Amino acid sequence: MIIVSEPQCWDFEHSRVNASLLHTVLLAYGESRILFLGEPGHSARVRELLEAQAPDEVSRVDWRDLMIPPRQASGSRRLRLEWNAIRSTLSAASRGSASLVLFTSATEIGFLLLKVLLAGSRFPAPVLAVMHGVLATIVPGAPRKRLSSYRGMRLVFRLPHPRQLRYVALGESILRSLRELQPEAARHTVAFEIPFSWTVNALPGDLTLPPSPVRFGYFGVSGGRGKGFDRFVRLADELRGEFPEARFMMVGHLSTGADRTRFGAAHEDFPGAPLSQAEYAERARQVTYAVSVTDPSVYRVGASTSFLDAISSVKPGIYLRNPYLEECFAKMGDIGYLCDTIDDVRACMRSVLNEFPTSRYVRQCRTIFTTRHIFDPAAIRTRFHTIVEEVRRAL
């Protein structure tokens, strides 16, 4: 038995990534049963996606509810709930003599508690823990909390490292950055591409027709450090005056009450609540170019699921350069535009509005469609299996 646990995400959050991670594990270990532990709404989303991705494999997955902290929980309540979620996962693994435990994400507190619990156990199997946004706090210039050297990932990396545990970086560029910023932590980190499945499985038939209007899409939610949503809104407001026919839309939703108050009334294409899978896919279909102006320092150590959502829908992008996207462009080719500054992003958007580059746009879409297989679970399963067996041999 293999345990896959999601101790952080609610409902739609990372649901496509987690379904694809599950698919990867199913392919890598074709004889194993998997127990997925997650918040009920999240598990339902993951299950729905997995049934579409891997209908012949999903019967090998069992589903069990996991009580996790609400987003607003803090203090002793959060600590207690995080402790219970991590401990419940490891207890289920011990009872079932699991051969592998995969945590698909964790908060900084969750990582700390995982190390504490593993330090006091004799659990004999590999434990992999995927790092997502928690790494953002280690980049130079990141906001620091009081006594920040003694909390969060800085503290996690300083604690003695359990022999069973490996951190997972979702891309080689992220592991390279970690080697520069936290070389000791990098010694205990493995890397593979973030697996993903595709919502569009055939090239659109109308690619050669210039779109009217051109629609720029922000993929993802509005909140979160470094996501660049405010920058996207400013670009939209600036360009609307010059190009009133252009459209700016979210493929996602406004994730905070403050954002709904600030942007909801003025921007009708910014939904105020999570979208269904069908609504998300329809919005993505309408987009001409994905636009991403995330903070490059934050995405020095983070993969971009919004980028993967864009290529899932076969949409070229206009991107503010960061190491993760540079690596994706290097592997895939001409899949959009990499810009060095916000001014360059604005100039690129203005250029395609002035004269739409139909021939290049068609080539970019075809390049995305033919090269995105590097993120397929089937392409990642061998690397995943190799990592797990290397950890197992080291125990």
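Residues numbered from 1 in each chain as written. Predicted model: local features only at pLDDT ≥ 70, side-chain atom pairs only at ≥ 80, totals over all residues. Heavy atoms only, no water.

Enquirer: Whenever I open this one, the overall build of the protein confuses me. Can you help?
Expert: When its secondary structure is counted, the protein shows 15 helices and twelve strands. Taken over C-alpha atoms, the radius of gyration comes to 21 Å for the protein, in line with the 21 Å a tight globule of 395 residues would show. Taking the principal axes of its C-alpha atoms as reference, the protein extends roughly 65 × 50 × 35 Å. The buried share among the 395 residues of the protein stands at 55%. (Helix = DSSP H or I, 4+ residues; strand = E, 2+ residues; numbered from the N terminus. Rg over C-alpha atoms; globule rule 2.2 N^0.38 Å. Buried < 20%, exposed > 50% of the residue type's maximum accessible area, 1.4 Å probe, protein only.)

Enquirer: Could you clarify how one ought to interpret the confidence of the model for the protein in this entry?
Expert: Low-confidence regions, as indicated by low pLDDT, have predicted coordinates that should not be scrutinised in detail. Taken residue by residue, the protein gives an average pLDDT of 92. The fraction at 70 or more is 96%. Between residues 146–150, whose pLDDT stays under 50, and residues either more than four places distant or in other chains, the model counts eight contacts. (pLDDT = per-residue confidence, 0-100. Contact = heavy atoms within 4.5 Å.)

Enquirer: Sorry if this is basic, but what is going on with the environment of Phe111 here?
Expert: Relative to the elements of secondary structure, Phe111 occurs in helix H4 (residues 108–119). You can call Phe111 buried: its relative accessible area is 1%. It is 7.8 Å that separates the C-alpha atoms of Phe111 and Met153, two residues lying 42 residues apart in sequence. Beyond its immediate chain neighbours, meaning those up to four positions away, Phe111 contacts Ala106, Ala129, Val130, Met131, Val134, Met153, Val156 and Tyr167.

Enquirer: Would you explain H4 in this entry?
Expert: Two residues of an α-helix separated by three or four positions point the same way, owing to the 3.6 residues in each turn. Helix length check: H4, at twelve residues, gives a terminal C-alpha distance of 17 Å against a target of 16 Å (1.5 Å per residue), a fit within 8%. Along H4, the residues that are buried comprise Gly110, Phe111, Leu113, Leu114, Lys115, Leu117 and Leu118. On its buried side, H4 packs onto helix H3 (75–95), strand S4 (100–103), strand S5 (127–130), helix H5 (152–158) and strand S6 (165–169). (Expected span 1.5 Å × (residues − 1).)

Enquirer: Honestly, the packing of aromatic side chains in this entry has me stumped. Any pointers?
Expert: Each aromatic ring pair is summarised here by two numbers: the centre-to-centre distance and the angle between the ring planes. Inspection of the entire model under this criterion finds 20 aromatic pairs. Aromatic side chains Tyr218 and Phe229 sit 5.0 Å apart centroid to centroid with 75° between the ring planes, which places their arrangement in the edge-to-face category. Residue Tyr218 is found in strand S8 (residues 215–219), and its partner Phe229 is found in helix H8 (residues 229–242); the two are separated by eleven residues along the sequence. We note that Tyr218, like Phe229, is buried. When the ring of Tyr289 is compared with that of Tyr361, the centres are 5.2 Å apart and the planes differ by 80°; the resulting orientation is edge-to-face. Taken together, the residues Tyr289 in strand S10 (residues 289–292) and Tyr361 in helix H14 (residues 358–371) connect sequence positions 72 residues apart. The buried category is assigned to Tyr289, whose relative accessible area is 0%. With relative accessibility at 7%, the residue Tyr361 sits in the buried group. (Phe/Tyr/Trp six-rings, centres within 6.5 Å; stacked < 30°, edge-to-face > 60°.)

Enquirer: What is the right way to look at the pairing of strand S12 (residues 336–339) in this model?
Expert: In this structure, strand S11 (residues 317–320) lies alongside S12, joined through four bridges in parallel fashion. Paired with Gly317 across the strands is Gly336, a residue of S12. A crossover links S11 with its parallel partner S12, the connecting element being helix H12 (residues 323–332), and its sense is right-handed. (Pairing = 2+ DSSP bridges. Right-handed = clockwise from strand over helix to strand, strands pointing away.)

Enquirer: Could you clarify how one ought to interpret unusual backbone geometry in this entry?
Expert: Omega for the bond connecting Ser212 with Pro213 falls within 30 degrees of zero, at 0°, which places this linkage in the cis form. Considering the arrangement of structural elements, one finds Pro213 in the loop between strand S7 (189–191) and S8. The phi dihedral of Ser97 falls on the positive side, at around 50°, and the residue is not glycine. Following the sequence through the fold, Ser97 ends up in the loop between H3 and S4. Notably, Val314 is not glycine yet its phi reads approximately 60°, a positive angle. With respect to the helices and strands, the residue Val314 is situated in the loop between helix H11 (305–312) and S11.

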